[in-house]
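One letter stands for each residue in the lines below.
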Amino acid sequence: MRDKRVKKEPGYSWIKYKGKVHVFSADDQSSPFLGQIYAELEKLNCKMTEEGYIPDMSSVLHDVEESEKIKMLNHHRI
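What counts as what
- Residues numbered from 1 in each chain as written.
- Predicted model: local features only at pLDDT ≥ 70, side-chain atom pairs only at ≥ 80, totals over all residues.
- Heavy atoms only, no water.
- Helix = DSSP H or I, 4+ residues; strand = E, 2+ residues; numbered from the N terminus.
- Buried < 20%, exposed > 50% of the residue type's maximum accessible area, 1.4 Å probe, protein only.
- Expected span 1.5 Å × (residues − 1).
- Arc of directions from axis to C-beta.

1. So, unusual backbone geometry
In this model, R5 sits at a positive phi of 55 degrees, which is unusual for a non-glycine residue. Structurally, R5 is set in the segment before β1 (12-17). Within the chain, K18 stands out as a residue other than glycine whose phi angle is a positive 50 degrees. By the element assignment, K18 lies in the loop between β1 and β2 (20-25). The exposure class of K18 is exposed, given its relative accessible area of 74%.

2. Section: helix α1 (residues 34-50)
Taking 1.5 Å of rise per residue, the 17 residues of α1 would be expected to cover 24 Å, and the 24 Å separating its terminal C-alpha atoms lies within 8% of that figure. Looking at α1, one finds that the buried residues are I37, Y38, L41 and N45. Seen end-on, α1 carries its buried residues on one side only, within an arc spanning 90 degrees. Opposite the packed face of α1, turned more than 90 degrees from it, sit the exposed residues G35, K43, K47 and E50. At the C-terminal side of α1, G52 shows a positive phi close to 105 degrees.

Right, dumping it as structure tokens:
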């Protein structure tokens with residue numbers, strides 16, 4: 001993609017925290033609520049796992065441990 005000067009548009013996530021919707025992209029570190037946002041995402045990920053959700057890791061092409069692949073999917077850092 002770099003050779004052809006093609007730029008990928010970033011993906012965005014939305015989360016409602018204390019009645020306000022926050023929008024951020026992968027690896028976005030600009031929010032003053034970053035810690036709270038990631039804590040809430042972690043709670044949601046744990047709840048999903050408890051309910052039986054199993055992430056599809058076939059899209060993670062990096063050669064890393066399975067636990068790291070799950071982190072990548074959970075935080076959109078692919």
